[in-house]
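Listed below are the residues making up each chain.
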Amino acid sequence: MDVLGGHPLGQTEPMSATLLRPVARSATRLPLRAHAARLHRWLGLAAAVFWIIQAVTGVLIVFHWEIDDATLGGRHAATDLPRIEARAAALAPAGSGRTIESIWTSAGFADRYDVTVADQANGTSRVVRVAGDGSVLRDRSDAATPFTDVLVGIHQTLLGGEAGSWIVGTTGSLLLTNLLFGLVAAWPKPRTWRRAVVPVRTGPAIAKAYSWHRAVGLWGALPAIVLVAAGTMLVFEDGTARLVGATPVAVPALPGTPRIGIAAAVASAERALPGSRLTAITTMPSETNAIYRIRLLAPGEFRRAFGTSTVDVDAVTGRVRQLHRATQAPAATRFMDMLYTVHTGEIAGTVGRLLVMSIGVWLASMIVLGLLLWQRRHNVRRRRENT
């Protein structure tokens, strides 16, 4: 793919002549930009299909939580933890061989939760979405993934498990590198910015296309670099955490017979973090580990739904055994928490999420335009060789 591959910037000759000049001629004058342009082009050709998939699915899933909840309909019901606890008990009664694995906010409409129920007898599980009053909105097998979640799976792993995750991470790293190469190749000289960011309107069609590619690339390159860098680090989350020195919050197992219910445990956690609200119960108690691990969205977090503050509650006594306040975590941990909010745009609220959508559209457009430019350039060269 070309971002005005390798031509000198800030020249006095007409833009159309500059844009159509062969790369080899300019490489002797500005080798760094010429080499950056070549690398930008060939990396783009090698990974364009993967990048388009990432860009398109990224645009489609920005509001996938809300879309999923909207397809279910149903009225709003404020969160009533005793009734949610009663629903959980009905879904996994004692002696049934079924257990509650976790409870997460749906992240779409307010006061809706996904309860994951595991059936030990046949090794299956199902996900039941409930309203705040415990009424069932959807009961599906864990294998029956909603279409919106399929898009998320494509975006994160290409539906290929660990191998797909490595492909996404590798192509994401290439995309980040390619954006940097393109930025180097297109970066204007001093006092030439206006000409660089305003596409030309006269001259040959290919010159105008190159001008648009360069100008639009300069408009969105920096936010795209930030977005792609955050996403790539999320793919390699464990490695990134080790690199920056972020350590997971851990607590020793506590054997015992659970006596405290869901409602009392969440109430205890919320008292420990005033002003917070339930995000998830990620660990349910058992006799080998009588602990509730509860995630809360605490004041000051740059999160919309999935807070990262955690409280470990003793399921025997109801006491708080460990408290992790996200806003007071070490810098490395806060950096890791921030990656998700940057990549999804949540760090800037709804405006940030819309910006992420626009960057995805920008990226897909740049890839397609770059491929068309390469094809046109290739055709011109073939015609010259045949004459």
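Residues numbered from 1 in each chain as written. Predicted model: local features only at pLDDT ≥ 70, side-chain atom pairs only at ≥ 80, totals over all residues. Heavy atoms only, no water.

A.B. asks: Can you help me understand a nonpolar patch on the surface in this one?
C.D. replies: A surface patch of nonpolar side chains, about 280 Å² in accessible area, is lined by Phe302, Met338 and Ile347. Turning to its location among the elements, Ile347 is positioned in the loop between helix 12 (331-344) and helix 13 (349-386). Among the residues examined, Ile347 registers a relative accessible area of 37% and is labelled partly exposed. (Patch = residues over 30% accessible without salt bridge, like charges linked within 9 Å, V, L, I, M, F, W, Y side chains within 5 Å. Areas by Shrake-Rupley, 256 points an atom, 1.4 Å probe, with all protein chains shown as cover. Salt bridge = Lys/Arg side-chain N within 4 Å of Asp/Glu carboxyl O. Helix = DSSP H or I, 4+ residues; strand = E, 2+ residues; numbered from the N terminus. Buried < 20%, exposed > 50% of the residue type's maximum accessible area, 1.4 Å probe, protein only.)

A.B. asks: Please explain the packing of helix 7 (residues 161-186) against helix 9 (residues 205-235) as it appears in this structure.
C.D. replies: At their nearest, the axes of helix 7 and helix 9 sit 9 Å apart, and the two run at 150° to each other. By the angle between their directions, the pair helix 7 and helix 9 is classed as roughly antiparallel. Handedness of the crossing formed by helix 7 with helix 9: left-handed. Residues Ser165, Val168, Gly169, Gly172, Ser173, Leu175, Leu176, Leu179, Leu180, Leu183 and Ala186 of helix 7 pack against Arg214, Leu218, Ala221, Leu222, Ala224, Ile225, Val228, Ala229, Thr232 and Val235 of helix 9. Considering only residue class, the contact of helix 7 with helix 9 consists of 15 nonpolar, five polar and one charged. (Axes fitted to C-alpha atoms, helices over the stretch in contact; angles between N-to-C directions. Parallel < 35°, antiparallel > 145°, perpendicular 65-115°, else oblique. Left-handed = near helix turned anticlockwise from the far one by under 90°. Contact = heavy atoms within 4.5 Å. Nonpolar A, V, L, I, M, F, W, Y, C, P; charged D, E, K, R; others polar.)

A.B. asks: Looking at this structure, how should I read the environment of Ala250?
C.D. replies: Here Ala250 shows up in the loop between helix 10 (237-244) and helix 11 (262-272). Using a relative accessible area of 58% as the deciding quantity, one classes Ala250 as exposed. Residues Ala250 and Gln322, 72 residues apart in the sequence, show an inter-C-alpha distance of 9.0 Å. Not counting residues up to four positions away in its chain, the partners in contact with Ala250 are Arg293 and Gln322.

A.B. asks: Explain the pairing of strand 4 (residues 136-141) here, please?
C.D. replies: When a strand is regular, its side chains alternate between the sheet's two faces. Sheet topology places strand 3 (residues 124-131) next to strand 4; five bridges connect them, and they run antiparallel. Residue pairing in the sheet places Arg129 in a bridge with Arg138 of strand 4. Once strand 3 ends, the chain turns through four residues before running back antiparallel as strand 4, passing Gly134 with a positive phi of about 90°. (Pairing = 2+ DSSP bridges.)

A.B. asks: Help me understand the confidence of the model for the protein in this model?
C.D. replies: The predicted structure's coordinates, where accompanied by low pLDDT, should not be read in detail. Looking at the protein, the pLDDT average stands at 87 and 90% of residues meet or exceed 70. Taken as a whole, residues 1-29 scores under 50 in pLDDT and shows 83 contacts with residues more than four places along the chain or in a different chain. (pLDDT = per-residue confidence, 0-100.)

A.B. asks: Is there a simple way to explain the layout of surface pockets in this structure?
C.D. replies: In this approach the atoms are scanned with a rolling probe the size of a water molecule, which exposes any empty space left behind. Each pocket or cavity is described by its volume, and for the second largest pocket that value is around 420 Å³. As for the second largest pocket, its lining consists of 17 residues, of which Ala89, Ala92, Ile100, Met284 and Pro285 are closest to the centre. By residue class, the composition of the lining of the second largest pocket is 10 nonpolar, five polar and two charged. (1 Å grid on protein atoms, 1.4 Å probe; cavity = no way out; pocket = protein on both sides within 12 Å on 5 of 7 lines; lining within 4 Å. Points joined across faces, edges and corners; volume = space filled by probe spheres on them.)

A.B. asks: What am I meant to see in the side chain of Asp314 here?
C.D. replies: Among the structural elements, Asp314 can be located in strand 7 (residues 309-314). Salt bridges are absent for the buried Asp314, whose nearest opposite-charge side chain, Arg321, sits at 4.7 Å. Among the polar contacts made by the side chain of Asp314, one reaches the main-chain amide nitrogen of Val316 at a distance of 2.7 Å. (Lys, Arg positive; Asp, Glu negative; His and termini not counted. Polar contact = N/O pair within 3.5 Å; in protein donor to acceptor, adjacent residues only side chain to side chain.)

A.B. asks: Whenever I open this one, the packing of helix 4 (residues 64-72) against helix 6 (residues 147-157) confuses me. Can you help?
C.D. replies: For any two helices packed against each other, one specifies the crossing angle of their axes together with the interaxial distance. Across the interface, helix 4 lies against helix 6 with an axial gap of 9 Å and an inter-helix angle of 160°. By the angle between their directions, the pair helix 4 and helix 6 is classed as roughly antiparallel. For the pair helix 4 and helix 6, contact is made by His64, Ile67 and Asp68 and by Thr148, Asp149 and Val152, respectively.

A.B. asks: Please explain the nonpolar core as it appears in this structure.
C.D. replies: The tendency in soluble globular proteins is for nonpolar side chains to be buried side by side. Counting 29 residues, the largest nonpolar core has Ile100, Ile262, Ile281, Tyr292 and Ile294 as its most contacted members. Of all the elements in the fold, those that place two or more residues in this core are helix 5 (81-91), strand 1 (98-105), strand 2 (112-119), strand 3, helix 11, strand 5 (277-283), strand 6 (291-297) and strand 7. Of the residues forming this core, the biggest block, five residues, is contributed by helix 11. In contact with Ile100, other than residues within four places in its own chain, are Ala88, Leu91, Ala92, Val115, Thr116, Val117 and Met284. (Core = buried A, V, L, I, M, F, W, Y, C linked by side-chain atoms within 4.5 Å.)

A.B. asks: Explain the side chain of Arg140 here, please?
C.D. replies: Residue position: Arg140 is located in strand 4. A relative accessible area of 14% places Arg140 in the buried class. Within polar-contact distance, the side chain of Arg140 engages the backbone oxygen of Ala144 at 3.4 Å. With near-sequence residues (within four places) excluded, Arg140 lies in contact with Arg126, Val127, Thr145, Pro146 and Asp149.

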